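What follows is the residue order along each chain.
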Amino acid sequence: MDLSRYLGMFVADTREHLAGVEADVVRLETAAPAERKPLLDGVFRHLHSVKGSSATMGYDAIAKLSHASEALVGAVRDAGRLPAPPEVDLLLETCDQLRSMVDDASEGRSPAARPALQERLLAAAKAKDARAPAPAGTPAAPSPAAPATARRRFTEPHTTVAVRVSTRSATPAARAFLALRRLETVAPVLEAQPSLEALREGRLPGHLLVVTLKGEHALEALAKLIARVPDVDGLEPFADEAVAPAGPAAEPAPAAPAVHDPTVKVAVDLLDQLLELAGELVLASGRLREAVKPLPAGVRGELDGEVDRLRLLVKDLNNRVLAARQTPLSHVAERLPRAVRDLSRRLDKPLELLVEGGEVMLDRGLADALLDPLLHAIRNAADHGIEQADERRALGKPATGRIVFAARRERDRVLIELTDDGRGFDVERLKAKAVEQGQLPAAEAQAMGVEQALRLAFLPGLSTRDASTDVSGRGVGMDAVLRAIEQLGGTVALVSTPGRGSTVRFAMPATISVVNLLLVALGGEVFGVPMSRVLCALEADLSARGGEGYAARSVPVNGERVPSFALGKLLGLPEHATYGPRPYVVVEGEGLRTAVGVDRLLGQEEVVLRPLGPPLERIRGLAGTAILGSGRPIFVLDVPRLVA
Amino acid sequence: MAKRVLIVDDAVFMRNMIRDIFTGGGFEVVGEAANGLEAVEKYREFKPDLITMDIVMPFKSGIEATREIVAQDANAVVVMCSALGQESLVMEAIEAGATDFIVKPFKEDEVLAIVRKVLGE
């Protein structure tokens, strides 16, 4: 069976489950008694799902690790108590490992087993205080199975048969159980060996179930009853044997109240494609309007109205597709409590996290990209900002340090503030460090105001970098945070009040347009061409043809000749005469193909396309701007318009 | 005529995989459900020839759902989908009225063989 096509979905599903485990486990530590069971059930179900699906996908290592953690959660649940902090630590560590294993799987690598961690989980599950006495309501302990050699004579008419279960079966006891049930339909079972309890524990010695039924029955009739049970090879007559009485069946837990969720899961790739299409439609409808303008008034009349209507519809579509990528910020915010909890334990400082505005919606790509910056800001706040408990008490502050995540929507931006009530930024130290590192002349440092000085925190040398054992597993400094946020079209700023606390303020655009660009170098500049328009790229040497005739100004593409232009000339850049072959990018638009010559092809990159505002949007041939991963801003070209 | 199947599992990708196994085996998948509640509703709606039922699911377990479905229709054919090492749950399900069971990780031919046997083909 080809499992590779289920990989994407398995990865997405499992990541969601693991996020659920993490959030619930952290909540469990401080949960009220009433919340305990639903939370534990939830964690158990998540781990159980991961176990089942990873086994199906063939990721044995993941299945085994989930199984071990399931055992620990089950033990805690059966003991009727909350998990102790070391157990929570263990489960969270397991979560991290599982996440890393899923990452491996998603990149085509086989996840390695974690036997040591499994051992620790299983040991914790078996630990003496893990299994506290079970709460009332569970069935009484089953009586032990009678030894196989004891015999009992039945005084009434009876039939004893031995049912053979195939040795191929992975679940022989359950198969035997099925057979037993079938036989039960015809007569009461006087005895069964192994007992029902033994079957429940998965034991079927010798793959043989011996059943004594009341009354006399023809062998063929009984054989017919079990004929439809898979993996049961048959039955045969057997001499009587004694068995233990069957135990009562346990009642399953009552269901939680229903909540129907009218949503559909859509692959993020599909949404990206829809988004790109919608973006293209917006550009195309804009060009349509331009094309209509030069028509004579009489012809234009109705056309104008229809084109405007089309533009409105397309803009509406674009907005809705953008909205489809929106996710509530709680998606990101729910990862934060765990970080705060870990920091609190590691730094030995009591900390609390408040989350406001989790319902604010943000583009999913932006929200995901915010996680690392937020974690870094939290680490800074916990480590450098918030004072030790006794120092806080001496200052008249509550012993528990408070970190607040607050989000709100403001027109077309989403503002997220991470505030702590610690000691604030030490501006003088920032300045001193900057001067020390030669990033700032001493005189300027003197004159610098607080707001400007705070921006120094974003300089590479000055930003704090985290060592490897942080929650996300990557060390980021404020400079990386700034770059990441700016690349997405957002801004970061710091605000601080000495002695009272500091705030990291993120401002993100509420929606984005993501485009895959082909980057080209030309005359020392870099430009982007949307990949959706690029037919192909090729090398051609037009310099030798003396510059005359169509052949000199076209390149062969798939058997046809495509008119070519030097992009530099089109953009008015200084043109160096080039000899020899150079790269040409063949672009398609409005049914026409054009080739543009560039200096070098630099590769592909996915960027956030930022639309131009007036008056730049009037410039023909410019689709917008973008900031590359390197931090470099570039123009994105609309080549068909450029050459039209 | 192709036998009609209702697939119940809380994981989308499991449902997809099971669906592919059945359509590949000549069955008609008439519906899917993601939890025990939906399972009971859709059983009523579609009256399939066969249901594949996951055991551990939110809102209502597969065992509960099986119990309710069998209470409504004693002839319902419910095949439980269990993870390895869950024999006692499987037996609970059987006591609740499940007809048979298949075990994850699924092997396509095994699943179809079991289902065909259970349906008496």
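Residues numbered from 1 in each chain as written. Chains lettered and ligands numbered in written order. Predicted model: local features only at pLDDT ≥ 70, side-chain atom pairs only at ≥ 80, totals over all residues. Heavy atoms only, no water.

Undergrad: Hey, could you run me through the overall build of chain B in this one?
TA: Scanning chain B from N- to C-terminus turns up 5 helices and 5 strands. In chain B, the order of α-helices and β-strands from amino to carboxyl end is β-α-β-α-β-α-β-α-β-α. Burial analysis of chain B (121 residues in total) assigns 62% to the buried set. When contacts within chain B are restricted to residue pairs at least 6 apart in sequence, long-range pairs at least 24 apart make up 63% of them. For chain B, the exposed surface amounts to about 4,200 Å²; the carbon and sulfur share of it is 49%. (Helix = DSSP H or I, 4+ residues; strand = E, 2+ residues; numbered from the N terminus. Buried < 20%, exposed > 50% of the residue type's maximum accessible area, 1.4 Å probe, protein only. Contact = heavy atoms within 4.5 Å. Areas by Shrake-Rupley, 256 points an atom, 1.4 Å probe, with all protein chains shown as cover.)

Undergrad: Teacher, can you tell me more about the overall build of chain A here?
TA: Along chain A, the regular secondary structure elements total 21 helices and 21 strands. When the 644 residues of chain A are sorted by exposure, 45% land in the buried category. The long-range share in chain A, meaning contacts at least 24 apart out of those at least 6 apart in sequence, stands at 69%. For chain A, the exposed area adds up to about 32,500 Å²; of that, 55% sits on carbon and sulfur atoms.

Undergrad: What exactly am I supposed to notice about the sheet that holds strand β3 (residues 208-214) of chain A here?
TA: Within a beta sheet, neighbouring strands are joined by backbone hydrogen bonds and run either parallel or antiparallel to one another. Residues and elements named next belong to chain A. The strand order β2-β3-β1-β4 describes an open sheet built from 4 strands, whose pairing is antiparallel. Either end of the sheet is taken by a strand with one partner, and the two such strands are β2 (189-193) and β4 (232-237). Across the sheet, the axes of successive neighbouring strands diverge by a mean angle of 20°, strand direction being ignored. With 4 bridges connecting them, β2 and β3 associate as antiparallel partners. Bridging across to β3, Gln193 finds its partner in Val210. (Pairing = 2+ DSSP bridges. Axes fitted to C-alpha atoms, helices over the stretch in contact; angles between N-to-C directions.)

Undergrad: I'm lost on the pairing of strand β18 (residues 592-597) of chain A in this one. Help?
TA: In the case of a regular strand, side chains alternate between the two sheet surfaces. Residue and element names in this part refer to chain A. Summarising the sheet, strand β16 (residues 560-566) and β18 pair through 3 bridges and their orientation is parallel. In the strand pairing of β18, Phe565 is matched with Val596. Across 6 bridges, the pairing between strand β17 (residues 582-589) and β18 is antiparallel. Across the sheet, Gly589 pairs through a bridge with Leu592, a residue of β18.

Undergrad: Sorry, what's going on with the side chain of Asp363(A) here?
TA: Following the sequence through the fold, Asp363(A) ends up in strand β7 (residues 361-363). Polar contacts involving the side chain of Asp363(A) include one to the side chain of Arg325(A), which spans 2.7 Å. (Polar contact = N/O pair within 3.5 Å; in protein donor to acceptor, adjacent residues only side chain to side chain.)

Undergrad: I keep staring at the confidence of the model for chain B and nothing clicks. Help me out?
TA: In low-pLDDT regions, the fine details of the predicted coordinates are not to be read closely. Scored by pLDDT, chain B has a mean of 91; 100% of the residues are at 70 or more. Mean pLDDT values over the elements of chain B span from 86, in helix α4 (residues 87-95) of chain B, up to 96, in strand β1 (residues 4-8) of chain B. (pLDDT = per-residue confidence, 0-100.)

Undergrad: Is there a simple way to think about the packing of helix α1 (residues 7-29) of chain A against helix α2 (residues 33-57) of chain A in this case?
TA: A pair of packed helices can be characterised by two numbers: the angle between their axes and the separation between those axes. Residues and elements named next belong to chain A. As a packed pair, α1 and α2 sit with axes 9 Å apart at the nearest point and diverge in direction by 155°. For the element pair α1 / α2, the angle class is roughly antiparallel. Regarding α1 and α2, the two cross each other, and that crossing is left-handed. When α1 is examined against α2, the residues Leu7, Phe10, Thr14, His17, Gly20, Val21, Asp24, Val25, Arg27 and Leu28 are found in contact with a partner set consisting of Arg36, Leu39, Leu40, Gly42, Val43, His46, Leu47, Ser49, Val50, Ser53, Ser54 and Met57. Residue composition of the contact of α1 with α2, by class: 11 nonpolar, 8 polar and 3 charged. (Parallel < 35°, antiparallel > 145°, perpendicular 65-115°, else oblique. Left-handed = near helix turned anticlockwise from the far one by under 90°. Nonpolar A, V, L, I, M, F, W, Y, C, P; charged D, E, K, R; others polar.)

Undergrad: Help me out: how do you make sense of the environment of Leu347(A) in this one?
TA: All names here are of chain A. As for its placement among the helices and strands, Leu347 is situated in helix α12 (residues 336-347). Judged by relative accessible area, which is 21%, Leu347 ranks as partly exposed. In contact with Leu347, other than residues within four places in its own chain, are Ala382, Asp383 and Gln388.

Undergrad: Where do I start with the pattern of salt bridges in this structure?
TA: When charged atoms on two side chains of opposite charge get close, those side chains can pair. Residue and element names in this part refer to chain A. As enumerated under the stated definition, the model contains 46 salt bridges over all chains in all. A salt bridge links Arg338 to Asp96, with the nearest nitrogen and oxygen atoms 2.8 Å apart. Note that Arg338 is positioned in helix α12 and Asp96 in helix α4 (residues 85-106), a separation of 242 residues in sequence. Of the residues examined, Arg338 reaches a relative accessible area of 4% and is grouped as buried. In this structure, Arg109 and Glu107 form a salt bridge, with 3.0 Å as the shortest nitrogen-oxygen distance. A residue is classified by how much of its surface remains accessible, and Arg109, at 41% relative accessible area, is partly exposed. (Salt bridge = Lys/Arg side-chain N within 4 Å of Asp/Glu carboxyl O.)

Undergrad: Help me understand helix α6 (residues 172-184) of chain A, please; the structure alone is not making it clear to me.
TA: In an α-helix there are 3.6 residues to a turn, and that puts residues three or four apart on one side. Spanning 13 residues, α6(A) covers 18 Å between terminal C-alpha atoms, matching the ideal 18 Å at 1.5 Å per step. All buried positions along α6(A) are accounted for by Pro172(A), Ala173(A), Ala174(A), Arg175(A), Ala176(A), Phe177(A), Leu178(A), Ala179(A), Leu180(A), Arg182(A) and Leu183(A). (Expected span 1.5 Å × (residues − 1).)

Undergrad: Sorry if this is basic, but what is going on with the sheet that holds strand β14 (residues 534-540) of chain A here?
TA: Residues and elements named next belong to chain A. Read across the open sheet, the 5 strands follow the order β14-β17-β18-β16-β15; overall the sheet is mixed. A single partner strand is all that each edge strand has here, and the edge strands are β14 and β15 (554-557). Across this sheet, the average inter-strand angle for adjacent strands is 35°, counted without regard to direction.

Undergrad: Where do I start with the interface of chain B and chain A in this structure?
TA: The parts lose accessible area when they come together, and the size of an interface is often stated as this lost area. The partner chain A presents 47 residues to the 43 residues of chain B that form the contact. With both chains or domains summed, chain B and chain A bury close to 3,800 Å², and 63% of this area falls on carbon and sulfur atoms. The salt bridge involving Asp100(B) is made with Arg175(A); its shortest N-O contact spans 2.4 Å. Seen at the junction of chain B and chain A, the total is 10 residue pairs in polar contact (both at pLDDT 80 or more). Mapped by element, the contributors of at least two residues to the side of chain B that touches chain A are α1 (12-24), α2 (36-46), α3 (62-72), α4, β5 (100-104) and α5 (108-118) of chain B. Residues of the side of chain B that touches chain A, tallied by class, amount to 24 nonpolar, 6 polar and 13 charged. (Buried area = accessible area lost by both parts, 1.4 Å probe.)

Undergrad: Just to check I follow, could you spell out the packing of aromatic side chains for this structure?
TA: Centre distance and the angle of the planes are the two values used to describe a pair of aromatic rings. Taken as a whole, this structure holds 3 aromatic pairs over all chains when the rule is applied. Cluster of aromatic residues (ring-pair linked, three or more members): Phe10(A), Tyr59(A) and Phe13(B). Sitting over the ring of Phe44(A), Arg77(A) keeps its end group 4.2 Å from the ring centre. Cation over ring: Arg175(A) sits above Phe101(B), and NZ or CZ is 3.7 Å from the ring centre. (Phe/Tyr/Trp six-rings, centres within 6.5 Å; stacked < 30°, edge-to-face > 60°. Lys NZ or Arg CZ within 6 Å of the ring centre and 35° of its normal.)

Undergrad: Is there a simple way to think about the pairing of strand β8 (residues 401-410) of chain A in this case?
TA: All names here are of chain A. Taken together, the 6 bridges between strand β6 (residues 351-356) and β8 define a ladder with parallel strand orientation. Counterpart to Leu351 in the pairing with β8 is Gly401. Sheet analysis places β8 next to strand β9 (residues 413-420), joined by 8 bridges and oriented antiparallel. The partner of Ile403 across the bridge, within β9, is Asp420.

Undergrad: What should I look at first to understand α4(B) in this one?
TA: The set of residues buried in α4(B) consists of Glu87(B), Val90(B), Met91(B), Glu92(B), Ala93(B) and Ile94(B). In this structure, the buried residues of α4(B) make contact with α6 and α7 (196-200) of chain A together with α3, β4 (78-83) and β5 of chain B. Looking one or two residues past α4(B), Gly97(B) carries a phi angle of roughly 125°, positive in sign.

Undergrad: Before we go on, may I ask you to explain unusual backbone geometry in this structure?
TA: Residues other than glycine predominantly adopt negative phi, and peptide bonds predominantly adopt the trans conformation. Of the consecutive residues Gln193(A) and Pro194(A), the connecting peptide bond is found in the cis state with omega at 5°. Residue Pro105(B) follows Lys104(B) across a cis peptide bond; omega there is 0°. Its place among the elements puts Pro105(B) in the loop between β5 and α5. Even without a glycine there, the phi angle at Asp231(A) is positive, about 65°. Within the secondary structure layout, Asp231(A) lies in the loop between α8 (219-225) and β4.

Undergrad: What am I meant to see in the side chain of Asn35(B) here?
TA: Here Asn35(B) lies in the loop between β2 (28-33) and α2. In contact with Asn35(B), other than residues within four places in its own chain, are Val8(B), Met57(B), Pro58(B), Phe59(B) and Lys60(B).

Undergrad: What is the right way to read the confidence of the model for chain A from this model?
TA: Residues and elements named next belong to chain A. Taken as a whole, chain A shows an average pLDDT of 80; of its residues, 85% reach a score of 70 or greater. A low-confidence stretch, residues 241-259 stays under pLDDT 50, and its non-local contacts, those more than four residues away or across chains, total 40 contacts. Per-residue pLDDT stays below 50 along residues 467-475; that stretch engages in 11 contacts with residues further than four places along the chain or on separate chains.

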